[in-house]
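Each chain, written out:
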Amino acid sequence: MSRPVIAVSPEGLAPVRGPIRARMSADDKILLAATALIVGALLIGIAAPLYALLAKGFQNADGQFVGLANYRTYFSTPALFYSIGNSLVVTFITTLIALPLAFLFAYGLTRTCMSFKSVFKGIALIPILMPSLLPAISLVYLFGNQGLAKGLLMGETIYGPIGIVLGELFYVFPHALTILLIALSTSDARLYEAAESLGASKTRIFFTVTLPGVRYGLISAFFVVFTLVITDFGVPKVIGGKYNVLATDVYKQVVGRHDFEMGAVVSMILLGPAVLAFFADRLAERRQSAALTARAVPYEAKPKRGRDALFFAFCALVGAAILTVLAVAAYASWIKLWPYNLTLTNYHYQFDLRDGGGWASYRNSLVMAAWTAAIGTTVVFVGAYLVEKCRAFRTARLALQFLAMMPMAVPGLVLGLAYVFFFNAPSNPLGGLYHTMAILVINTVVHFYTVAHLTAVTALKQLDAEFEAVSASLKVPVYKTFARVTVPVCAPAALDISMYLFVNAMTTVSAVVFLYAPHTALASVAVLNMDDAGELASAAAMGMMIVYTSAAVRILHFALTRGVLARTQAWRRR
Amino acid sequence: MGGWDFSMTALEENVREARTERAPYLSIRGLSKMFGEFAALSDVSLDVHEGDFVCFLGPSGCGKTTLLRAIAGLDIQTRGQIIQAGRDISALPPAERDFGIVFQSYALFPNLTVRKNVAYGLESRRAARAETARRVNELLDLVGLTEHADKYPSQISGGQQQRVALARALATSPGLLLLDEPLSALDAKVRVHLRREIKALQEKLGVTTIMVTHDQEEALTMADRIVVMNQGRIEQVGTPEDIYGRPATPFIADFVGSMNFLKGTVTPGGRVRVGAVEFAAGEGLRAGQPATVCVRPEDVTVRGIAAADANAFPVSVATIEFLGSFWRATLRSEGDGGFELLADFSTNLVRDLGVREGAQFLVAVPPERILVFNGKS
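Anyway, here's the lowdown on the structure attached to this text. (Residues numbered from 1 in each chain as written. Chains lettered and ligands numbered in written order. Predicted model: local features only at pLDDT ≥ 70, side-chain atom pairs only at ≥ 80, totals over all residues.)

1. Overview of the overall build of chain B
Broken down by element type, chain B carries 9 helices and 19 strands. C-alpha atoms of chain B, sized along the principal axes, occupy 80 × 45 × 40 Å. Relative to its 377 residues, chain B shows a buried fraction of 43%. Restricting the contact set of chain B to residue pairs at least 6 apart, pairs at least 24 apart contribute 66%. (Helix = DSSP H or I, 4+ residues; strand = E, 2+ residues; numbered from the N terminus. Buried ≥ 20, exposed ≤ 12 C-beta atoms within 10 Å, placed from the backbone. Contact = placed C-beta atoms within 7 Å.)

The structure is reproduced here in structure tokens:
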């Protein structure tokens, strides 16, 4: 260079020293302690029990290592390994029916101008409020030996694959619908305008624009439905008859035969497809988010009489089916004896006259659901905050993130059994938790951790990334900004999470069925036990109690978000 | 948007030392920052004096934001030392350093009113409530937002939000104000307006300020000194006039303003031959060496030029483009090895001389306006 560079590096000044080790601030210490606490809790809540389960599959009844002996027994016993085929058959059939139904329903809600859209959506989401046992009970009333509509089966029995598929359809429909609704409502209107201006036909537009736009949503819905069905225990338990599937096998091995080692083996086999589906779904989701651009223009349907009428008819049919299932269970619970004596009675609600836990089990469920919502929301939200907003301790954060995603891949039955092995081990100092309400709460929080965690992460991602930096520069401790800004701004998401946890704690049966003690029996377990004892009407009544409660919580949640929050969140308005 | 009221007296109590040759307020030595194998900063050293307004300027990915975040302690450097007001802050967390910061997003707390945002850093200091309220009013007045004090951030304009962020950062009277692209989220007109106001406010308060920007106009109009960065290194530190008029490297010559780069050879007479034209330029050039002549488009003169004048040569207009307040012409030199040259002409010059495509005339470049870099650059 011909010109002197203006001095940049003053020579001979302070010597440059070795690598800098950043000093921890008071904030860092708090955050690190919180991260360590939650990582520790999740290690105990999910990783350690799963390890105990894995180990159990390689042991005999005396706890000695026997290698693959249990697995060899499993695969040489047709009565056992036939269930794999059975599970796959009902799962694939259910998935292949549920997806088109949910897709058409979602299409009607997002892409047509039919009337009563919000009514249809509300009806379609009703099954979320039920334990999966309940649609199965309704099907027994409709198509069972004394069923009203038995003739429709043309000689086939409802107790078996037909009943399982029908019951699962109701159970999974709202889940598939929710995913497809999101996929269909985020499509870009500009693509449709472009396709139309290029003269593409309606069919061509559907196959070249609509389907590709929702393909990741479809893939995701496929895996979610697949996992829900293959791991569900409630429907096949009630209506499966002699048709064995993996989920009922785990229960039979453990509760019926007390063969815990074989229970562990079946659990591991059940875990396989669930884990595979989990990773496939994560992969699809990553692609989905990459496919969306911020500049997309939302699509708005234009009225078209023929199409709108067709979709209205379809949605009305599906809605009627769901309402029928709900109404049959409700009606059967309030009359003397289906279908012979239709006198109204509250006889079946006198749970204390029956085995299965009585009204105490309902109260236990309320207590358990309340604790799950309270503790779960707190832990999940703090955990998501640490994952999303902490800059330091990369390794600890990655561990937390991994542990938070793990429960999604673990079916409830597997988790419940894993808890038995881990907490009931004589050497475990936490053994005192076994058979308490606490273990039910811990188990349920962990069981539903992932979805709650993802909801919290999504909410936190919408916050400015620099709040923490700003408050550090203003010398405001991190917990103060968390309390004054982060939590209030995320209050709606926190409410969503607590409602999600409450409703699921009310309806879940799969994990807790191994963990309750006589004094901690739960309503959902009571449904199962009363059905087992042949008290079908009482089982329906208890199932309806769960539905009433979940519905009340949903309405309360709606009122809260519309009422109280609207007032405290005045800043959201422009 | 009203003007800002600088009649406050309390804020004038802020330190406002003369910029003497004392120890620099902020001293950076041998700073490096690695992200894996990638060096975001390599061996950066810099002094900032008390009361200075310094701009870090460079293309995206040049390391300017990384350097700012290292100074704030938000992303601590891999190696190197930072000394602020005589204190080694190299390894300190942000909360133990002395700075206020305004981010590109402003990061205003959406659920707090303007007043509470500004008061946020004061409340934690356990100052008397009346004292805090007085200080907040003073700041709101200073940035002209008194009437919006009880609105939420979403209810005021982008420019107003920016001023809230500024007031919040200044509330605790930090020794150092850090601005990370504070204007780039705003409309062009608001931006120009706020540029002047931020600069005036900074001069009034005398607070040492570092601003990161990729906008050369912003840096040229606001900074006392500009630090031009490229690929994790500092290319030049200087006043805006230095950076624009005497860029130290071809990169800066190209990055700041427009520049013609004409490749040529040094003649025995110490001139640089480009095509048929010999440019008289600086001294100390070695004959026979390749050299690059740099000419800014606005330094090409047309009026009153004779063929015998220094650096005068005939050109024809290849294309001419209307850019609103001026015209930009692509000129082609006559003769062997003709080269192309961008030139900016005022509208009245274009009108007076009838400049249009195909027109031929003499142009000249004053020798003192020419920069020469050795080599082909």
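2. Regarding the overall build of chain A
Of the regular secondary structure elements, chain A holds 23 helices and 2 strands. For chain A, whose C-alpha radius of gyration is 27 Å, the value lies close to the compact-globule estimate of 25 Å for 574 residues. Considering only C-alpha atoms, chain A reaches an extent of 105 × 70 × 50 Å along its principal axes. Within chain A, the proportion of its 574 residues that are buried is 46%. Contacts in chain A between residues at least 24 apart in sequence constitute 81% of all its contacts with a sequence separation of at least 6. (Rg over C-alpha atoms; globule rule 2.2 N^0.38 Å.)

3. Points about the nonpolar core
Side chains of a nonpolar character, in soluble globular proteins, are inclined to be buried together. One finds I137, A176, L180 and L417 of chain A together with V227 and V293 of chain B to be the most contacted residues of the largest nonpolar core, which totals 284 residues. It is helix α6 (residues 161-185) of chain A that provides the largest number of residues to this core, a total of 14 residues. Each of two domains, domain 1 (10-99 + 174-253) and domain 2 (258-374) of chain B, supplies a minimum of three residues to this core. Ignoring anything within four residues of it in the chain, the contact list for V227 of chain B reads L46, V54, C55, F56, L57, I234 and V237 of chain B. (Core = buried A, V, L, I, M, F, W, Y, C linked by C-beta atoms within 7 Å. Domains from an automatic or database assignment.)

4. Describing the interface of chain A and chain B
The parts lose accessible area when they come together, and the size of an interface is often stated as this lost area. Of the residues lining the interface, 38 residues belong to chain A; the matching set on chain B comes to 49 residues. Those elements giving two or more residues to the side of chain A that touches chain B turn out to be α1 (26-56), α18 (467-473) and α19 (478-489) of chain A. With 5 residues, the top contributor of residues to the side of chain A that touches chain B is α18 of chain A. Here the residues of the side of chain A that touches chain B sort into 22 nonpolar, 5 polar and 11 charged. (Nonpolar A, V, L, I, M, F, W, Y, C, P; charged D, E, K, R; others polar.)

5. A closer look at the pairing of strand β14 (residues 290-295) of chain B
Residue and element names in this part refer to chain B. Most of β14 sits out of view: 5 of its 6 residues are buried. Examined bridge by bridge, strand β11 (residues 260-266) and β14 share 6 bridges and lie antiparallel to one another. Paired with K263 across the two strands is T292, which belongs to β14. Summarising the sheet, β14 and strand β19 (residues 371-374) pair through 4 bridges and their orientation is antiparallel. (Pairing = 2+ DSSP bridges.)

6. A closer look at the pairing of β11 of chain B
Pairing geometry for β11 of chain B and strand β12 (residues 272-274) of chain B, over 2 bridges, is antiparallel. Its bridge partner lying in β12 of chain B, V266 of chain B is registered against V272 of chain B.

7. Description of the sheet that holds strand β4 (residues 79-84) of chain B
All names here are of chain B. Reading across the sheet, the 4 strands line up as β2-β1-β4-β5 and stay open at both edges, with antiparallel pairing between neighbours. Looking at which strands have only one partner, the edges of the open sheet turn out to be β2 (38-48) and β5 (87-88). Two strands pair when backbone bridges link them, and strand β1 (residues 26-35) and β2 are joined in this way by 7 bridges, in the antiparallel orientation. From the neighbouring strand, L26 faces β2, where its bridge partner is V48. Against the sheet, helix α1 (residues 64-72) makes contact with β1, β2 and β4, and its axis sits at roughly 65 degrees relative to β2, the strand it touches most. (Axes fitted to C-alpha atoms, helices over the stretch in contact; angles between N-to-C directions.)

8. Quick look at α1 of chain B
Residue and element names in this part refer to chain B. α1 sits mainly inside the fold: 9 of its 9 residues count as buried. Within the span of α1, buried status applies to K64, T65, T66, L67, L68, R69, A70, I71 and A72. Count one or two residues on from α1 and you reach G73, which has phi positive near 85 degrees.

9. Some words on the sheet that holds β12 of chain B
Residue and element names in this part refer to chain B. In space, the 5 strands of this open sheet follow the order β13-β12-β11-β14-β19, with antiparallel pairing throughout. Each having just a single partner strand, β13 (277-279) and β19 make up the two edges of the open sheet. For this sheet, the mean inter-axis angle between neighbouring strands, taken without regard to orientation, is 40 degrees.

10. Overview of the packing of helix α17 (residues 449-461) of chain A against helix α20 (residues 491-507) of chain A
All names here are of chain A. At their nearest, the axes of α17 and α20 sit 9 Å apart, and the two run at 170 degrees to each other. Relative to α20, the element α17 lies roughly antiparallel. Facing α17, whose interface residues are V451, A452, T455, A456 and A459, α20 presents A493, D496, I497, Y500 and L501. (Parallel < 35°, antiparallel > 145°, perpendicular 65-115°, else oblique.)

11. Some words on the environment of C490 of chain A
Residues and elements named next belong to chain A. By secondary structure assignment, the location of C490 is in the loop between α19 and α20. The exposure class of C490 is buried, given the 22 C-beta atoms found within 10 Å. Along the primary structure C490 and I439 are separated by 51 residues, whereas in three dimensions their C-alpha atoms are 29 Å apart. Not counting residues within four places of it along the chain, the set of residues in contact with C490 comprises A459 and L460.

12. Points about helix α14 (residues 394-405) of chain A
All names here are of chain A. Its 12 residues give α14 an end-to-end C-alpha distance of 17 Å, which sits within 8% of 16 Å, the value for a rise of 1.5 Å per residue. Among all positions of α14, only L400, L403 and A404 are buried. Viewed along the axis of α14, the buried residues span an arc of 100 degrees, placing them on a single side of the element. For α14, the exposed residues lying more than 90 degrees away from the buried face are R394, T395 and L398. Tucked into the core, α14 has its buried residues touching α1, α13 (358-389) and α17. (Expected span 1.5 Å × (residues − 1). Arc of directions from axis to C-beta.)

13. Quick look at unusual backbone geometry
Residues and elements named next belong to chain B. Positive phi outside glycine occurs at Q231, with the angle close to 50 degrees. Within the element layout of this structure, Q231 appears in the loop between β9 (225-230) and β10 (233-238). For Q231, a count of 15 C-beta atoms within 10 Å translates into the label partly exposed. With a phi close to 55 degrees, N311 is a non-glycine residue in the positive phi region.

14. Some points on the packing of helix α3 (residues 78-111) of chain A against helix α8 (residues 202-231) of chain A
Residues and elements named next belong to chain A. It is at 9 Å that the axes of α3 and α8 come closest, and there the two elements cross at 140 degrees. As summarised for this structure, α3 and α8 are arranged oblique, according to the angle between their axes. Seen along the crossing, α3 lies across α8 with a hand that is right-handed. Across the interface between the two elements, S87, V90, T91, T94, T95, A98, L99 and A102 of α3 pack against L218, A221, F222, V225, F226, V229 and I230 of α8. Of the residues in the contact of α3 with α8, the class split is 11 nonpolar, 4 polar and no charged. (Left-handed = near helix turned anticlockwise from the far one by under 90°.)

15. Things to note about the environment of K117 of chain A
Note that K117 of chain A resides in helix α4 (residues 117-124). Spatially, the C-alpha atom of K117 of chain A lies 8.8 Å from that of F312 of chain A, the residues being 195 residues apart in sequence.

That's the geometry; what it means functionally is another story.
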